[in-house]
Amino acid sequence: MKPLFTLCFSLLLFGAPSVVAAEVGFAQVEPLFQQHCVKCHGAAKSLGGLNLEGRAAVEALIEEGLLLPGDPENSEVFARLTLAEDDKLRMPKGAPPLKAEEIDAFRKWLEHEKLFEAGDAPAPAAAAAAPADEAKEPTPDPADPAAITRIEKAGGVALPRYAGSPLLMISFPSQPANTGDDVVDAILAVAPNVCELSLARTAVTDAGAARLAALENLEALHLEQTAVTDAGVAPLAGLPRLRYLNVYGSKVTDAVLEPLAKNGALRRLYVYETPVSYAAAKKAMASRPELEINLGWNHPEVARERLTQEKERLEAEKKAAVAQLEEAKAQIESADERLTELAKELEVAK
Ligand code: HEC
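Presented here is an overview of the structure given in this document. The shown structure was predicted, so the numbers you read here are calculated from the model rather than taken from an experiment.

1. Some remarks on the pairing of strand β2 (residues 168–171)
Part 1 of the argument: Strand direction decides the pairing type here: strand β1 (residues 157–160) and β2, joined by four bridges, are antiparallel. Paired with Pro 160 across the bridge in β2 is Leu 168.
Part 2 of the argument: As defined by bridge partners, β2 adjoins strand β3 (residues 194–198) across four bridges and the pair is classed as parallel. Within the sheet, the bridge partner assigned to Ser 171 lies in β3 and is Ser 198.
Part 3 of the argument: The parallel pair β2 and β3 is bridged by helix α8 (residues 183–188), and the resulting crossover is right-handed.

Below, the structure is given as structure tokens:
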């Protein structure tokens, strides 16, 4: 069995870049939280006191005991998914249960002892920068307090990345639908300070999004569930520090992948529920192996790839098991033969 394991393992590590790796990591389940949970359990609205939006929020659930790494069945976040359909406690509340393969993804993720890998991009709520980046972290002058007040007046929240940092994480959690391009001026007034920005679910348009290209120190940008198209996103491809871009549920197309893939800083791109095609995503990833483009767990091609990988793995395991069985049969046969001989010899030795 050992060589088989090694084979699977090396396929995992060195296989062609895939849209969704065979392993289920946080990158694979985050879209599921976004799709099914965040409207009730997000930064803006946390029903039952639960926030499932972004890595930092989900990671905090380990401390709270709602996520038990290595123990899906006893993890509240998972257990709630598998209750009977008419159980009042079942999640997502008021919606049909998740599909079997989605539940399975959560299970596989929670079976890991380490739920988060270093490469998982932090959402704007995440306070700590990746340690490797800290050395070369930009140090702009602190933002003008009057400019921060302006952002707050526009419904925004601006938090230092960590205590004393001049870098800001800005989001517009309350009434995102009433937040439009007019907040961009307030954001640009602190341009060098913005390291993370969320305009998710706001009414921002291409005109507003394109102006964010001036945020020279921006590392993570959330534009998911907005009306932005390629015209608003392509100008952002030149952002020199952009590592994480989420445009899930927007209108971006294949055309935006080429300029984005040329951005050497970009590591994670979320495009599920957009017109972006599987073929274009694969091509872009082939050109930039360290870029992961996430098309969503449910994308038909992604699902097919995942199922094919599982099928191949099981077939290989089965083959190995059959070989073991054959070996065991041969052992039984030769033991039987010898036992017959021994019986005869014992008879003679009486
Ligand atoms: C339509 C709104 C809604 C959606 C969507 C929703 N929830 Fe909930 N959730 C609630 C409410 C309300 C509560 C508090 C009442 C309760 O505990 O049942 C809750 C409570 C919970 C709790 C218990 C929290 C605690 O502190 O014990 C968990 C865990 C949970 N939800 C997980 C999820 C997950 C995972 C999803 C997505 C798959 C989800 N929920 C989707 C409304 C929702």
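2. With respect to the sheet that holds strand β5 (residues 244–246)
Part 1 of the argument: Across the sheet, which stays open at both edges, the seven strands sit in the order β1-β2-β3-β4-β5-β6-β7 with mixed pairing between neighbours. Across the chains shown, the open sheet's two edge strands, defined by having one partner strand only, are β1 and β7 (292–294). Across the sheet, the axes of successive neighbouring strands diverge by a mean angle of 10°, strand direction being ignored.
Part 2 of the argument: Where helix α2 (residues 26–36) meets the sheet, its contacts fall on β5, β6 (268–270) and β7, and the angle it forms with β7 comes to roughly 25°.

3. Some points on the side chain of Glu 53
Part 1 of the argument: Counting through the fold element by element, Glu 53 comes out in the loop between α2 and α3 (55–64).
Part 2 of the argument: Overall, the relative accessible area of 16% leaves Glu 53 in the buried class.
Part 3 of the argument: A polar atom in the side chain of Glu 53 sits 2.9 Å from the backbone nitrogen of Ala 43.
Part 4 of the argument: A distance of 2.6 Å separates the side chain of Glu 53 from the side chain of Arg 201, its partner in a polar contact.
Part 5 of the argument: With residues up to four places along the chain from it excluded, the contact list for Glu 53 reads Gln 34, Val 38, His 41, Gly 42, Ala 43, Ala 44 and Arg 201.

Conventions used here
Residues numbered from 1 in each chain as written. Predicted model: local features only at pLDDT ≥ 70, side-chain atom pairs only at ≥ 80, totals over all residues. Heavy atoms only, no water. Pairing = 2+ DSSP bridges. Helix = DSSP H or I, 4+ residues; strand = E, 2+ residues; numbered from the N terminus. Right-handed = clockwise from strand over helix to strand, strands pointing away. Axes fitted to C-alpha atoms, helices over the stretch in contact; angles between N-to-C directions. Contact = heavy atoms within 4.5 Å. Buried < 20%, exposed > 50% of the residue type's maximum accessible area, 1.4 Å probe, protein only. Polar contact = N/O pair within 3.5 Å; in protein donor to acceptor, adjacent residues only side chain to side chain.

Functional significance is not addressed by these values, which are geometric in nature.
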